[in-house]
Amino acid sequence: MKKRLVSILIAAILIVSAVFVFAACDPEDKNVTELVAEAQNMTWDEIYAKAKEETGDFNAYGNTSRITTAMANFVAKYGQELGLNEKNAVGSKMNDSAIYTTLASEYASTNNSKGASMVMIQDGAQLVLYREQTKMLINYVPQSMKSKVDAEGQVPLVQQYINKLFIWNNTGDNVPSITNVWQLTEPAMKSKVFFKSPSLEQVNMNFLIMLTSDEWATKLAEAYKAYYGKDIQLGSYKNAGYKWVAEFIANANFAIDSDTTMARELSKTENAGNIGLFVLSKLRDSSVTADNLQVGAFVKENDQYVTINPFAGFMYPMYCQVAANGPRPYTALLFIEYLMTEEGFEPWGSDIGAYSSNSDIGVNDGDETLAFWKNILVFEDPDYIRANKATVVDFVTAEIDKKD
């Protein structure tokens, strides 16, 4: 318990300190903000002409391994004219914390010729904080995308949405029939609900934070009554969201710390009767026996989906931002627009479980549209998460400690 509290305090101090450092750093000759503002109304061809004049390395950091493939595809198509190749144009997989730490150093540097020019990051609440408290990240919406991306997905720019869903092993005689999330809090499900610990993955923590909002607490209270036939009794809990979170954590199995591993292990016949909350796209991994897994959102009766009340999982965005001190800003703008096209989205769009914010891009066979998911999943609200993060994280941490 003491070690966890110390770790949390250290992490909080580092984040706050970093924000003040970023805010204080304002190197001269930084005109990328003005450049991006002007480019908002420029065409691809106009930006492309500017990018051809840039020299040096083009680096991009992303909280997604497929940024490597996306960069390689971009270079294969445009590299010759832009002076890019596999050595001086690199997409690197990094977690959000590493991205911010690296960008901090690069932003303050007077010689940032090898720094990142753009990033792909998740955790909207943290991004909003850095955008408000620092000058390190710049938002850019390509002209061609302004009519194709919903207004709420433009600032900061959402490149794609990713979903984590309730998925269970459907083999044997003990196949779960989950129609209501309150079933996951019952004694029979103790340790059978696999979930990457929210202390290890911020998007999982954000999911739990969202459930404490008035909107989701109300839906959870209604779902409780629908399932048990009586009004919920909150006891010491602030609302139904807090109650569900506490009881879900009590039943959750944190033994697996990777969504890929979770999908693989849960697909084994010896895990019949177990359920997980993990990224849908993992079902396409070669190590996973997808036929042994049932996606809760895809249960059908009479050819109609019967979803889990009141949610079948959650959805979180992946954002694109321009690095304020990057050496190749115009190239960054091109890359961001490329990632928003069907061709640029292909490294993610080739699988189920990833959804472009570009309304022109459809989904794969066996999947459903973004509009479908908006009706049955918990979507991340960065403003709510930021405003309530401290309180709910303390609550969640205390509930996790009870499991020790």
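Whatever comes next refers back to the structure up there.
Since the model is a prediction, treat every value here as computed from it, not as a measurement. (Residues numbered from 1 in each chain as written. Predicted model: local features only at pLDDT ≥ 70, side-chain atom pairs only at ≥ 80, totals over all residues. Heavy atoms only, no water.)

Describe the overall build of the protein, naming the residues involved and giving the relevant values.
Helix and strand content of the protein: 14 helices and 14 strands. Since a compact globule built from 404 residues should have a radius of gyration of about 22 Å, the 22 Å found for the protein is in line with a globular shape. C-alpha atoms of the protein, sized along the principal axes, occupy 65 × 45 × 35 Å. Of all 404 residues assigned to the protein, the portion counted as buried reaches 54%. Within the protein, contacts between residues at least 6 apart in sequence are counted, and of these 79% link residues at least 24 apart. With 35 positive and 50 negative side-chain charges, the protein shows a separation of 6 Å between the mean positions of the two kinds. (Helix = DSSP H or I, 4+ residues; strand = E, 2+ residues; numbered from the N terminus. Rg over C-alpha atoms; globule rule 2.2 N^0.38 Å. Buried < 20%, exposed > 50% of the residue type's maximum accessible area, 1.4 Å probe, protein only. Contact = heavy atoms within 4.5 Å. Lys, Arg positive; Asp, Glu negative; His and termini not counted. Charge placed at Lys NZ, Arg CZ, Asp CG, Glu CD.)

Which residues make up empty space enclosed by the protein, and what values go with them?
Counted by the stated rule, this structure contains two cavities of 30 Å³ or more. Of the voids in this model, the largest cavity is the one considered here, and its volume is about 50 Å³. Forming the boundary of the largest cavity are Leu103, Glu106, Tyr107, Asn112, Ala116, Met136, Ala323, Ala324, Asn325 and Gly326. Along the lines of polarity and charge, the residues of the lining of the largest cavity split into six nonpolar, three polar and one charged. Reported here for the second largest cavity is a volume of approximately 40 Å³. Every residue along the wall of the second largest cavity is listed here: Val203, Asn206, Phe207, Met210, Phe314, Met315, Val378, Phe379, Glu380 and Ile385. Contributions of two or more residues to the lining of the second largest cavity are made by helix H7 (202-210), strand E12 (313-323) and strand E14 (378-379). If you tally residues by element for the lining of the second largest cavity, the top one is H7, at four residues. In terms of residue class, the lining of the second largest cavity is built from eight nonpolar, one polar and one charged. (1 Å grid on protein atoms, 1.4 Å probe; cavity = no way out; pocket = protein on both sides within 12 Å on 5 of 7 lines; lining within 4 Å. Points joined across faces, edges and corners; volume = space filled by probe spheres on them. Nonpolar A, V, L, I, M, F, W, Y, C, P; charged D, E, K, R; others polar.)

A description of the environment of valine 149 should follow, citing residues and the corresponding values.
Its location among the elements puts valine 149 in the loop between strand E4 (137-138) and strand E5 (158-169). Judged by relative accessible area, which is 5%, valine 149 ranks as buried. Between the C-alpha atom of valine 149 and that of lysine 93, which follows or precedes it by 56 residues, the distance is 25 Å. Setting aside anything within four residues of it in sequence, one finds valine 149 in contact with Gln154, Met340, Ser357 and Asn358.

I'd like a description of helix H4 (residues 67-82), backed by residues and values.
A rise of 1.5 Å per residue sets the reference length of H4, with its 16 residues, at 22 Å; its end C-alpha atoms lie only 19 Å apart and thus fall more than 12% short of the reference. At alanine 76, H4 is bent by approximately 55 degrees, the largest bend along its length. Burial in H4 covers these residues: Ile67, Ala70, Met71, Phe74, Val75, Tyr78, Gly79 and Leu82. Packing partners of the buried residues in H4 comprise helix H3 (44-51), strand E1 (58-62), strand E2 (89-93), strand E3 (116-121), helix H11 (329-339) and helix H12 (342-349). Among the residues trailing H4, glycine 83 stands out with phi positive, at a value near 75 degrees. (Expected span 1.5 Å × (residues − 1). Bend = angle between axes of the 7 residues up to and from the residue.)

Go over the layout of surface pockets, please, and point to the residues and values.
Within this model, the second largest pocket holds a volume of roughly 360 Å³. Lining the second largest pocket are 17 residues, and of these Glu152, Tyr161, Tyr319, Glu380 and Pro382 sit closest to its centre. Elements with a minimum of two residues in the lining of the second largest pocket: E5, E12 and helix H14 (382-401). Tallying contributions element by element places E12 first for the lining of the second largest pocket, with four residues. When the residues that make up the lining of the second largest pocket are grouped by side-chain class, the tally is 11 nonpolar, one polar and five charged.

Bear in mind that shape data such as this cannot, by itself, settle questions of function.
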